[in-house]
Amino acid sequence: MVGELTASDIKARARELGFDACGIAPAANHPELSFYREWLDRGYAGDMAYLHRTADRRADVRQVVPSARTVICTATVYNTDRPYSIESADGRRAEIARYAWGDDYHDVIGARLDELLRWMRASSPEPFDARGYVDTGPIQERVYAQHAGIGWIGKNTCVINPQLGSWIFLAEIICSLSLEVDAPALDQCGTCRLCLEACPTNALVSPGVLDSTRCISYLTIELRGDMPAEHRAGIGAHVYGCDICQEVCPWNAVAPRSTDPAWQPRTAWDRVDLLTLSRRSDEELSSALTGSPMRRTKLQGLRRNIAVAMANVAVGSDTVSDPGSDTVSDPPDTGD
Ligand code: B12
Ligand code: SF4
């Protein structure tokens, strides 16, 4: 390439690599960033200690890359051709969050991001500093995605793109290049409150504010040890994550679906009922967890969740024991 590397060159290359959207935000002191501290102080991060530990760095990307001028933000659609959990007539189905059905996005998108950065380095006439992250770094991804025009932060706290909806993974490259930036996305939630009303555990305490300690996603993925008694019933048939506040969102009513083989549901989880899932051997489950984002709970965490869900929907609960907490080891931290 001759001449400087431009924003439109980067966006075109991002599309070639499989990203569905790409925008550029200034590495600036965006007002939404400051809410993070208050969120932590209110106890909304629960036991996610890594969020406290990295709070200084999460306050501004220039704490991570001091020379940062821009943040190249991407979105990748992971939605696939399967009904929503709220459409399921069978209450015994094991509910697994859509993002976790296929391959681990850290691996798949991480490789695409590495390739984008390699290409940028090869194409830029001058060297630059950069770091790429996909849910792995001390950065408030949604705030930068909003300022890159990818989508607005909805009342359910998810980034919603007007064409793609919110079934998107975010990933970004923080860099020292001075690139043309995009206009921030405008809030289009309006007066709609469907997500707040639909959340079965009232985890969305007000628009844009989520108390993780009540969120099924946190309880089934991040929380280690025994499931506290007061949260068991609210989990319903969810065995890994929760999508309800996105499923009811009108912007996801006609969300596009990805044909990327990486996100297609693995047979072990595809519309499986709780009893069948509980009867899978440790070997079968371990094999399905290989290269899956569901590795995060480890086998024992998954077994714990299945036991809680089975008790909730009263299927074969007498045949399944809760493995408890003592042998479950600490989660892998992110963001360090
Ligand atoms: C910790 C974490 C969680 C926690 C906490 C979630 C949360 N809402 O904070 C738990 C475990 C609960 C979780 C759940 C999920 N997560 Co998560 N999670 C993260 C992580 C690692 C950090 C998020 C964070 O900083 N939270 C702190 C709060 C303060 O930040 P925030 O939610 O972004 O909040 C901003 C807005 O609320 C904004 N704001 C907007 N309007 C308003 C209005 C007012 C009045 C105020 C005060 C503030 C405010 O201010 C905040 C910024 O400071 C990010 C990756 C990353 N590094 O960013 C992924 C990430 C947010 N998660 C993601 C996903 C996919 C999920 C799930 C859908 C998974 C699932 N199906 O189970 C659910 C969604 C639940 C939900 N409604 O958010 C995606 C979201 C993609 C998208 N479209 O937005 C991300 C970006 C990972 C990725 N790279 O793709 N997650
Ligand atoms: S993911 Fe589920 S539990 Fe968490 S805020 Fe959304 S609807 Fe509520």
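Quick caveat: nothing in here was measured; it's all calculated off a predicted structure.

**Concerning unusual backbone geometry**
- Despite not being glycine, aspartate 135 has its phi angle at roughly 60°, a positive value.
- With respect to the secondary-structure elements, aspartate 135 resides in the loop between strand S4 (130-133) and helix H6 (141-147).
- Although it is not a glycine, arginine 271 sits at a positive phi angle of roughly 50°.
- Among the secondary structure elements, arginine 271 is positioned in the loop between helix H10 (244-247) and helix H11 (274-279).

**Comments concerning the site of ligand 2**
- The immediate surroundings of ligand 2 are formed by Cys199, Pro200, Thr201, Ala203, Leu204, Leu210, Cys215, Ile216, Cys242, Ile244 and Cys245.
- A breakdown of the residues in the shell around ligand 2 according to their chemical character gives 10 nonpolar, 1 polar and no charged.

**As for the pairing of strand S7 (residues 168-175)**
- Taking burial as the measure, the 8 residues of S7 include 8 buried ones, the bulk of the element.
- Judged from the 4 bridges that link them, S4 and S7 form a sheet pairing that is antiparallel. Residue pairing across strands places alanine 130 opposite cysteine 175, the latter belonging to S7.

**A short note on the nonpolar core**
- Counting residues in each nonpolar core, the largest one holds 55 residues, and the members touching the most others are Ile72, Tyr99, Met120, Ile173 and Trp269.
- The set of elements that each furnish at least two residues to this core consists of helix H1 (7-16), strand S1 (21-26), helix H5 (105-123), S7, strand S10 (238-240), H11, helix H12 (282-289) and helix H13 (298-313).
- Tallying contributions element by element places H5 first for this core, with 8 residues.
- Contacts of isoleucine 72, omitting those with residues within four sequence positions, involve Ile10, Cys22, Gly23, Ile24, Met120, Ala171, Glu172, Ile173, Cys175 and Leu179.

**A closer look at the packing of aromatic side chains**
- Taken as a whole, this structure holds 10 aromatic pairs when the rule is applied.
- Summarising the aromatic geometry, the rings of tyrosine 78 and phenylalanine 169 are spaced 4.4 Å apart at their centres and angled 35° between planes, so their arrangement reads as tilted. Placement of tyrosine 78 in the loop between strand S2 (70-77) and strand S3 (95-96) and of phenylalanine 169 in strand S7 is noted, with a sequence separation of 91 residues between them.
- The class for phenylalanine 169 is buried, based on a relative accessible area of 6%.
- Taken together, a centroid distance of 5.8 Å and an interplanar angle of 75° make the contact between tyrosine 99 and tyrosine 105 edge-to-face.
- A cation over a ring is seen here: arginine 98 above tryptophan 167, with NZ or CZ 5.3 Å from the ring centre.
- Against the face of phenylalanine 128 rests arginine 121, its NZ or CZ located 4.8 Å from the ring centre.

**Describing the site of ligand 1**
- In the vicinity of ligand 1 lie 39 residues, with Glu32, Glu141, Arg142, Val159 and Gly208 positioned nearest.
- Within the side chain of glutamate 141, an N or O atom sits 2.6 Å from a nitrogen atom of ligand 1.
- Note that an oxygen atom of ligand 1 is positioned 2.8 Å from one of the side-chain N or O atoms of serine 217.
- Residue assignment for the shell around ligand 1 shows that the elements contributing at least two residues are helix H2 (35-41), helix H3 (49-53), H6, S7, helix H8 (216-222) and H10.
- Split by residue class, the shell around ligand 1 holds 22 nonpolar, 10 polar and 7 charged.

**Section: the pattern of salt bridges**
- Under the counting rule described, the total for this entry stands at 18 salt bridges.
- For arginine 266, the salt bridge identified is with aspartate 103, shortest N-O distance 2.8 Å. Linking arginine 266 in the loop between H10 and H11 with aspartate 103 in the loop between S3 and H5, this pair joins segments that are 163 residues apart in sequence.
- The exposure class of arginine 266 is buried, given its relative accessible area of 19%.
- On the basis of relative accessible area, aspartate 103 is assigned to the partly exposed category, the value being 29%.
- For arginine 295, the salt bridge identified is with aspartate 104, shortest N-O distance 2.6 Å. With a gap of 191 residues between them, arginine 295 in the loop between H12 and H13 and aspartate 104 in the loop between S3 and H5 connect regions that are remote in the sequence.

**Comments concerning the environment of histidine 106**
- Examined against the element boundaries, histidine 106 turns out to sit in helix H5.
- Through-space distance from the C-alpha of histidine 106 to that of serine 217 is 18 Å; in sequence the pair is 111 residues apart.
- Engagement of the side chain of histidine 106 in a polar contact is seen with the side chain of aspartate 104, the distance being 2.7 Å.

**Remarks on the packing of H1 against H5**
- Where H1 contacts H5, the axes come no closer than 10 Å and their chain directions differ by 145°. Regarding H1 and H5, the two cross each other, and that crossing is right-handed. Taken together, the residues of H5 that come into contact with H1 (itself represented by Asp9, Ile10, Arg13 and Ala14) are Glu115, Leu116, Trp119 and Met120.

**As for the packing of H12 against H13**
- In the contact formed by H12 and H13, the axes pass within 10 Å of each other and the chain directions differ by 110°. Taken together, the axis directions place H12 and H13 in an arrangement best described as roughly perpendicular. With respect to the hand of their crossing, H12 and H13 are arranged in right-handed fashion. Packed against H12, whose contacting residues are Asp282, Leu285, Ser286 and Leu289, the element H13 presents Lys298, Leu299, Leu302 and Arg303 at the interface.
- Considering only residue class, the contact of H12 with H13 consists of 4 nonpolar, 1 polar and 3 charged.

Cut-offs applied
- Each chain carries its own residue numbering, running from 1 in the written order of its sequence.
- Chains carry letters from A onward and ligands carry numbers from 1 onward, assigned in written order.
- This being a predicted model, a pLDDT of at least 70 is required before a residue's local features are given, and a value of 80 or more before pairs of side-chain atoms are given or counted; all residues contribute to the totals for chains, interfaces and linings.
- Side-chain figures throughout are based on the complete set of non-hydrogen atoms in the structure, without hydrogens or water.
- Each helix is a run of DSSP H or I of at least 4 residues and each strand a run of E of at least 2, with the numbering of both proceeding from the N terminus.
- Residues are labelled near a given molecule or strand when at least one of their non-hydrogen atoms is within 4 Å of it.
- All residues other than Ala, Val, Leu, Ile, Met, Phe, Trp, Tyr, Cys, Pro, Asp, Glu, Lys and Arg, Gly among them, are scored as polar; the first ten of these are nonpolar and the last four charged.
- To sort residues, take the accessible area from a 1.4 Å probe on protein chains only and compare it with the maximum for the residue type: under 20% means buried, over 50% means exposed, and anything in between is partly exposed.
- Strands qualify as paired when DSSP identifies two bridges or more between them.
- Residue types Ala, Val, Leu, Ile, Met, Phe, Trp, Tyr and Cys, when buried and joined through side-chain atoms within 4.5 Å, form a set referred to as a nonpolar core.
- Contact criterion: two residues are considered in contact whenever any of their non-hydrogen atoms come within 4.5 Å of each other.
- Between rings of Phe, Tyr and Trp, where Trp is taken as its six-membered ring, a pair exists when centres lie within 6.5 Å; planes separated by under 30 degrees are stacked, by over 60 edge-to-face, and by other angles tilted.
- Our definition puts a charge over a ring when NZ of Lys or CZ of Arg is within 6 Å of the ring centre and also within 35 degrees of the ring normal.
- Polar contact is the term for a pair of N or O atoms within 3.5 Å; when the atoms are in protein, one must be able to donate a hydrogen and the other to accept it, and sequence-neighboring residues count only if both atoms are side-chain atoms.
- The term salt bridge refers to a pairing of a side-chain nitrogen on Lys or Arg with a carboxyl oxygen on Asp or Glu at a separation within 4 Å.
- With axes taken as lines fitted to C-alpha atoms, and helix axes fitted only over the stretch in contact, angles between N-to-C directions fall between 0 and 180 degrees.
- Crossings are classed by handedness, with left-handed meaning an anticlockwise turn of the near helix from the far one by less than a right angle and right-handed meaning a clockwise turn.
- For classification purposes, angles smaller than 35 degrees are called roughly parallel, those larger than 145 roughly antiparallel, those between 65 and 115 roughly perpendicular, and all remaining angles oblique.

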